[in-house]
Amino acid sequence: MASIRLENVTKVYKAGVRAVSDFSLTIEDGEFIVFVGPSGCGKSTTLRMIAGLEDITSGNVFIGDKYVNDLEPKDRNIAMVFQSYALYPHMTVYDNMAYSLRCHHAKKEEIEEKVQKAAAILGIQDLLKRTPRELSGGQRQRVALGRTIVREPSAFLFDEPLSNLDAKLRVQMRAEINKLHQDIRTTFVYVTHDQTEAMTMGDRIVVMKDGLIQQVDTPMNLYEHPANVFVATFLGSPQMNILKGEIAIEGKKKVFKSENGDFSTQIPDIDLCQIEESRYPLQAYLGVRPADVRIGDKGYETKVELVERLGEQTLVYFHLPGRKEFVIASLPSGSRLLENDIVKVSFDIEKLHLFSAEDETSLTNAVPYVKLGLDEVDSSLREKVGKRLVDPSEAPHHLVFSASEIREGKGDLSFEAKIEGKKDYGEESNYFARLKDGKVVPFRTPKSYKIGETLTLGVEEGKLNLASEGGERLTDDIVSELEPHEATLEFRPRGCFLSEGSLHNHEKAYQLVRLVKLGKKSIIELKGKEKGESLRYLVPSNDLTYVSMMVYMRKKLKA
Ligand code: ADP
Ligand code: MG
């Protein structure tokens, strides 16, 4: 058993195809994690880099505490299960399962014990004497799994293992893989393009698009709090309805008005509490799941275009302004609505989703970073944080910190705040607390507070950073640890060369192990390939610089 950690992993194929970009994720020991996304989004490539079947262009992969970038697949102790499973046709099920153990010269008793144990977990004890030809598709898939279980790998990687099976068998195997995970509690990484499979299988889901992670969370949190329009519409069936329009302030209330028409709906106050007043009217997308559409005696009048009775639910299709395609409502099966009926439509306003029309990101989820004006911060604290400034010539504009660093009680930065709203995220809740100056900060806790309660919140100095006007971080801990030397990186066809004034190194080849981009400058940390010595340099920021690339030293020529 082992955890798996990916740090800024990037894959660029020879043809220049950027398959995976800056993928960072920690998979806990024993966790069942699913990568989901449309075909071509980089799921298999990421899985193959974990397995060692694909070179990593840049970034680091760790299995347990071990750095495995340079390790052969066979030395990673990982099992990979593909959609096509090649069993040896002339061997019995038993021999197929025992094969790898025999190759490793395991003792006869040990082989017997492990094969029987795996067969019992998979319920294939009765099949051990058969050959693959005498098995059904589902049984063969189980034998293929059994063959990997006997090896007791520290993690299982699955690449769409069920896509060759028919629909009924797929549902059954899905349950069996879940059960297998419960039984053996090893780390599972499972790739699928099927959102139902993802929702039913993972402890956590990684949603990917165009080689980029879109969001990582539990299935329920992704469903209830999607980070952008892509995640919102990818998960859930039928899809979330998305309407285009703008959010305006009317009196004291916020209202969404759809484009090309007069459909409007009120928005709960707390939903947009972190959006600055100056941004209104705000171009936005409104999202509502079919189950949260109400058809009743109030709302917008429209005509039913189509009714689909699916048994346990009835889908009703109609038009609303702000959306060219049909809007779909999901009603209980008892609905007697017919095509051409005139109905009144409204939305459950507690369940609305709002996204920015500019970049399609959620406007209602808590912003992960809090930004304060420098004049809102005590000057001695500002100076303390300023000691970690990398390039003193860049003028900071804001103090920033991650919302996850806010704690109850006093900190180096403290503020009184009144709780105004709450959203549930599984075992935890996200609270929105208003500061004296009107700004709203989010904080997440498993504890429970009442709306209207006042409390003191704090952040430790080490978690505070300074940022430029554009929001780029300018401070880093690495600065106070050790003063870095100034240098330049030159990219030549033969490799990347580092030049600096004085040559104080002993080695020529270094691996870049950490890269901290701080505005126009970046700090790089290099590790000697031979002796493992550590060096730090301050270099101009450049998009070609990657973690794990090789850097060669050269002495700067005096002009
Ligand atoms: P997924 O598994 O999510 O469908 P892949 O990881 O297989 O996606 O592919 C991601 C992207 O990389 C796609 O654009 C694909 O065409 C490209 N790709 C995959 N393998 C190779 C390869 N060997 N050479 C060049 N491009 C590749
Ligand atoms: Mg694939």
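Parameters at a glance
- Residues numbered from 1 in each chain as written.
- Chains lettered and ligands numbered in written order.
- Predicted model: local features only at pLDDT ≥ 70, side-chain atom pairs only at ≥ 80, totals over all residues.
- Heavy atoms only, no water.
- Near = heavy atom within 4 Å.
- Polar contact = N/O pair within 3.5 Å; in protein donor to acceptor, adjacent residues only side chain to side chain.
- Areas by Shrake-Rupley, 256 points an atom, 1.4 Å probe, with all protein chains shown as cover.
- Helix = DSSP H or I, 4+ residues; strand = E, 2+ residues; numbered from the N terminus.
- Nonpolar A, V, L, I, M, F, W, Y, C, P; charged D, E, K, R; others polar.
- Expected span 1.5 Å × (residues − 1).
- Buried < 20%, exposed > 50% of the residue type's maximum accessible area, 1.4 Å probe, protein only.
- Core = buried A, V, L, I, M, F, W, Y, C linked by side-chain atoms within 4.5 Å.
- Contact = heavy atoms within 4.5 Å.
- Axes fitted to C-alpha atoms, helices over the stretch in contact; angles between N-to-C directions.
- Parallel < 35°, antiparallel > 145°, perpendicular 65-115°, else oblique.
- Left-handed = near helix turned anticlockwise from the far one by under 90°.
- Salt bridge = Lys/Arg side-chain N within 4 Å of Asp/Glu carboxyl O.
- Pairing = 2+ DSSP bridges.

Draft legend 1. Geometry of the site of ligand 1. The environment of ligand 1 is formed by Tyr13, Val17, Ala19, Ser39, Gly40, Cys41, Gly42, Lys43, Ser44 and Thr45. Separating an oxygen atom of ligand 1 from a side-chain N or O atom of lysine 43 is a distance of 2.9 Å. Threonine 45 has a polar side-chain atom sitting 2.5 Å from an oxygen atom of ligand 1. Burial of ligand 1 by the protein amounts to 60% of the accessible area it has alone, namely 560 Å². With 3 residues, helix 1 (residues 43-51) is the single largest residue contributor to the shell around ligand 1. Considered class by class, the residues forming the shell around ligand 1 number 4 nonpolar, 5 polar and 1 charged.

Draft legend 2. Fine view of helix 5 (residues 167-184). For helix 5, built from 18 residues, the straight-helix expectation of 26 Å at 1.5 Å per residue is met to within 8% by its first-to-last C-alpha distance of 26 Å. If you check which residues of helix 5 are buried, you get Leu169, Met173, Arg174, Ile177, Asn178, Leu180, His181 and Ile184.

Draft legend 3. Region of interest: helix 1. Of all 9 residues in helix 1, 7 are buried; the element is thus mostly enclosed. Listed as buried for helix 1 are Lys43, Thr45, Thr46, Leu47, Met49, Ile50 and Ala51. Glycine 52 sits one or two residues past helix 1 and shows a positive phi near 90°.

Draft legend 4. Quick look at the nonpolar core. By size, the foremost hydrophobic cluster in this structure holds 45 residues, and its most contacted members are Met97, Val115, Phe158, Ile177, Phe188, Tyr190 and Val207. When residues no more than four places from it in sequence are discounted, the contact partners of isoleucine 177 are Phe32, Leu145, Phe158, Pro161, Leu162, Phe188, Tyr190 and Met201.

Draft legend 5. Main features of the packing of helix 2 (residues 93-103) against helix 3 (residues 108-122). Here helix 2 crosses helix 3 at 130°, and the two axes come no closer than 10 Å. In this view, helix 2 runs oblique relative to helix 3, as classed from their interaxial angle. For the crossing formed where helix 2 meets helix 3, the hand is right-handed. Across from Tyr94, Met97, Ala98, Leu101 and Arg102 in helix 2, the residues of helix 3 making contact are Ile111, Glu112, Lys114, Val115, Gln116, Ala118 and Ala119. The class makeup of the residues in the contact of helix 2 with helix 3 is 8 nonpolar, 1 polar and 3 charged.

Draft legend 6. Quick peek at the pattern of salt bridges. Considering all chains together, one arrives at 27 salt bridges under this definition. Glutamate 110 is the partner of lysine 114 in a salt bridge, and the nearest nitrogen-oxygen pair spans 2.8 Å. Of this pair, lysine 114 and glutamate 110 both sit in helix 3, separated by 4 residues, roughly a single helical turn. With a shortest N-O distance of 2.9 Å, arginine 473 and aspartate 476 are connected by a salt bridge. For arginine 473, a relative accessible area of 31% corresponds to the partly exposed category.

Draft legend 7. Structural detail: the sheet that holds strand 20 (residues 353-356). The strand order across the open sheet formed by 5 strands is 13-12-11-14-20, and the pairing between neighbours is antiparallel. The sheet terminates laterally at strand 13 (264-267) and strand 20, the two strands that pair on one side only. Along the sheet, successive strands turn relative to each other by an average axial angle of 40°, direction set aside. Both strand 12 (residues 253-258) and strand 13 contribute to a ladder of 4 bridges, which runs antiparallel. Bridge pairing in strand 13 links lysine 254 to isoleucine 267.

Purely geometric stuff here, so don't read any function into it on its own.
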